[in-house]
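# Remarks on the overall topology
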Amino acid sequence: MSKRAYNFNAGPAAVPLEVLGRAQAEFVDYQDNGMSIMEMSHRGAVYEGVHNEAQSRLLNLLGNPEGYKVLFLQGGASTQFAMLPMNLLAEGQTAGYVKTGSWANKAISEAKLVGDTFIAASSEDNQYKSVPNLANLQLPENAAYLHLTSNETIEGTQFQEFPDTGNVPLIADMSSDILSRQLDVKNFGMIYAGAQKNLGPSGVTVVIAREELIQNSPKHIPTVFRYDTHTKNNSLYNTPPSFSIYMVNQVLKWIEEQGSLAGIEAKNREKAQLLYNAIDNSGGFFRGFADTDSRSNMNVTFRMASEDLEKQFVKASEQEGFVGLKGHRSVGGLRASIYNAVPYEHIKALVDFMGEFQRKNG
Ligand SMILES: *Cc1c(COP(=O)(O)O)cnc(C)c1O
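Residues numbered from 1 in each chain as written. Predicted model: local features only at pLDDT ≥ 70, side-chain atom pairs only at ≥ 80, totals over all residues. Heavy atoms only, no water.

### So, the overall build of the protein
On a plain count of helices and strands, the protein comes out with 9 helices and 14 strands. Here the C-alpha radius of gyration of the protein, 21 Å, is about what a compact globule of 362 residues would show, namely 21 Å. With 362 residues in all, the protein has 54% of them scored as buried. Within the protein, contacts between residues separated by at least 24 positions form 66% of all contacts whose residues are at least 6 apart in sequence. Surface exposure of the protein reaches about 16,100 Å², of which carbon and sulfur atoms provide 46%. Both charge centroids of the protein, one from 32 positive and one from 39 negative side chains, sit 4 Å from each other. (Helix = DSSP H or I, 4+ residues; strand = E, 2+ residues; numbered from the N terminus. Rg over C-alpha atoms; globule rule 2.2 N^0.38 Å. Buried < 20%, exposed > 50% of the residue type's maximum accessible area, 1.4 Å probe, protein only. Contact = heavy atoms within 4.5 Å. Areas by Shrake-Rupley, 256 points an atom, 1.4 Å probe, with all protein chains shown as cover. Lys, Arg positive; Asp, Glu negative; His and termini not counted. Charge placed at Lys NZ, Arg CZ, Asp CG, Glu CD.)

### Things to note about the UniProt feature "domain: Aminotransferase class V" (unreviewed entry) in the protein
In the UniProt entry, the feature "domain: Aminotransferase class V" (unreviewed entry) is given for residues 6–350. Structurally, residues 6–350 is divided into 33% helix and 17% strand, and its ends, taken at the C-alpha atoms, are 8 Å apart. (UniProt positions renumbered as here; feature names shortened; annotations may be inferred.)

### Let's talk about the sheet that holds strand 12 (residues 299–303)
The strand order across the open sheet built from 3 strands is 11-12-14, with neighbouring strands paired in antiparallel fashion. Each having just a single partner strand, strand 11 (287–288) and strand 14 (334–337) make up the two edges of the open sheet. As defined by bridge partners, strand 12 adjoins strand 14 across 4 bridges and the pair is classed as antiparallel. When the sheet's bridge partners are listed, Val300 is paired in strand 14 with Ala336. (Pairing = 2+ DSSP bridges.)

### Overview of the domain arrangement of the protein
Domain parsing of the protein yields domain 1 (18–257) and domain 2 (259–361). Contacts between domain 1 and domain 2 engage 31 residues on the former and 25 residues on the latter. Interface of domain 1 and domain 2: buried area, both sides summed, is about 2,200 Å²; carbon and sulfur atoms make up 52% of it. Of all residues in domain 1, Lys129, Ile154 and Gln182 bury the most surface against domain 2, accounting for 24% of the area lost on that side. Across the domain 1-domain 2 interface, the total number found is 0 salt bridges. Counting every contact that joins domain 1 to domain 2 gives 18 residue pairs in polar contact (both at pLDDT 80 or more). When contributions to the side of domain 1 that touches domain 2 are tallied by element, the ones reaching two or more residues are strand 6 (151–152), strand 7 (157–158) and helix 6 (242–257). Of the residues contributing to the side of domain 1 that touches domain 2, the split by class is 9 nonpolar, 14 polar and 8 charged. (Domains from an automatic or database assignment. Buried area = accessible area lost by both parts, 1.4 Å probe. Salt bridge = Lys/Arg side-chain N within 4 Å of Asp/Glu carboxyl O. Polar contact = N/O pair within 3.5 Å; in protein donor to acceptor, adjacent residues only side chain to side chain. Nonpolar A, V, L, I, M, F, W, Y, C, P; charged D, E, K, R; others polar.)

What follows is the structure, encoded as structure tokens:
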């Protein structure tokens, strides 16, 4: 096999090599059925077995919280930005949003198209270099929900704690840090995530929700955009992205093998620490973008003295087999996305390369 790249892509992103190997082994003939999983009917027992297994594995990794269901939807997290207010923000209510950066802002824009919203907290004044403190949030009586983005993929910030919102459902876009650490699902009414960062390939969006939030959608909403349609039909109302769901199931199995969420969390901390230490110990040659207490363990954003130097760095990194280190065009700089599937050794290689680059150019 050709050499694997040091893949620091933000999404679609690295998938564990073991998972790719297993998928390859059963790609043409899935478990002696004479065809690939992607060629099977989504109404057949074989595919449904995989579909249901992926749902139960996911809930199991999250400690089997009572009263929660898993949906597999399409259209990415971006579709959830709209589907959420369409389903849960009624006339006479208002939806609270925590404004932490690029993705939160997209969610807010969509909700505004649907109904009344308010900004419950914001880090805009700090150029989104931090996440706001949510300890003393005041939510109005008619709040339909409070939405936050647990990890801002572009700015590289992450919440370490979540607020207690009482009777108001807390909804989180966890696209870029789902299953990267232990999580008390019971704090949340709903969690959603596009799969292509921490769960496998693009094409499927995972929704984990308290049943009462997804079983009675307003009837004026078109069928396919109603949560209750997908709840009643076990996410088989229309043809699901079956191959993507199969891949998610494989990734979930791999997470179990890593010691489940506790194991993954420990590894992710170690990986992030290695990289942040390299940045902090570079004497200012590399500088972290996010405030220290809001740093993400998934997307490490950093800058150098000039854009020119950053360009040189990216170019030199590409020659050494590193992929995806250029920051998002909206904030510039550099970004290493170190999701679950990025091995420690790849971050070690990056840190070594950074040291080498500094010796030559510092
Ligand atoms: C990538 C990302 C999205 C967008 O996901 P799509 O699946 O492309 O719609 C939304 N929110 C966050 C936090 C993301 O990282």
